[in-house]
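# Summary of the model geometry
Okay, here's what each chain looks like letter by letter:
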Amino acid sequence: TVKKEGWSLIRVQVDSGAIDHVMPVNVAPGVKMHDTNASLTGKCYSAANGSPIRNFGEKTLKGYTVDGQPFSMSVQCAEVKRTLGSVYRMNQGGNMFILDGKNSYMVNKRTGARTPIREEHGQFAMYIWVKDPGVNSVAATCNLPVKPTVTTCNRFSALEEGFARQEDP
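Calculation notes
Residues numbered from 1 in each chain as written. Predicted model: local features only at pLDDT ≥ 70, side-chain atom pairs only at ≥ 80, totals over all residues. Heavy atoms only, no water. Helix = DSSP H or I, 4+ residues; strand = E, 2+ residues; numbered from the N terminus. Buried < 20%, exposed > 50% of the residue type's maximum accessible area, 1.4 Å probe, protein only. Areas by Shrake-Rupley, 256 points an atom, 1.4 Å probe, with all protein chains shown as cover. Salt bridge = Lys/Arg side-chain N within 4 Å of Asp/Glu carboxyl O. Pairing = 2+ DSSP bridges.

Helix and strand counts for the chain stand at three helices and twelve strands. Out of the 169 residues in the chain, the part that is buried amounts to 45%. Surface exposure of the chain reaches about 9000 Å², of which carbon and sulfur atoms provide 52%.

Here the focus is the pattern of salt bridges. In the structure shown here, the tally under the stated rule is two salt bridges. Arg11 is the partner of Glu120 in a salt bridge, and the nearest nitrogen-oxygen pair spans 2.9 Å. Note that Glu120 is positioned in strand β11 (residues 118-120) and Arg11 in strand β2 (residues 7-15), a separation of 109 residues in sequence. Among the salt bridges present, the one from Asp20 reaches Arg89, with a minimum N-O distance of 2.5 Å. Of this pair, Asp20 sits in the loop between β2 and β3 (22-23) while Arg89 sits in helix α2 (residues 87-92), placing them 69 residues apart in sequence.

Next up on the list: unusual backbone geometry. At Ala28, a position not held by glycine, the phi torsion is positive, near 55°. Relative to the helices and strands, Ala28 resides in the loop between β3 and α1 (37-40).

This part is about the pairing of strand β5 (residues 52-65). In terms of strand pairing, strand β4 (residues 44-46) meets β5 through three bridges, oriented antiparallel. Residue pairing for β5: Ser46 is matched across the bridge by Pro52. Between the end of β4 and the start of β5, which pair antiparallel, lie five residues, with Gly50 showing a positive phi angle near 95°. Examined bridge by bridge, β5 and strand β6 (residues 70-78) share nine bridges and lie antiparallel to one another. Following the sheet pairing, Gly63 is matched in β6 by Phe71. Taking the residues that link successive antiparallel strands as the turn, the β5-β6 hairpin has four residues, and the phi of Gly68 there is positive, at about 90°. In this structure, β5 lies alongside strand β12 (residues 123-131), joined through three bridges in antiparallel fashion. Following the sheet pairing, Gly63 is matched in β12 by Val130.

Function cannot be read off these values alone, since they describe shape.
Structure below.
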């Protein structure tokens, strides 16, 4: 995670085998984690080798992709080493993926907006800027290294309660 003036840049490894978005508890430390039914009842995820992965709760991340697209997504805090973005969940949110080496991207099926995906040492990754809570949204947006180019289009809205999908201008 990289910090810059009220924002954190988070690497999200694209994972076609993950059922949910997951991240370590210490990622986005300024975003409050809240309990979920799964974390309260002790439900675990299962690693590829079958070992249990503990679920500690959920964080709601809000911010911008590196190309300036706004997003909001719920991520499960779990006993993992890196942040994983579930292709399954993002597909449920109306997105599809083109994984073609250096020409990889995610595209929103409704708007056509594309989010770049980088190929890094045999892995695919997306980068997102997450606003630290308490930071004025308008002022902080002006300090982003990549200024947002679109002001609406909540591409991950299907993953979070309480946020309605916004229409494109």
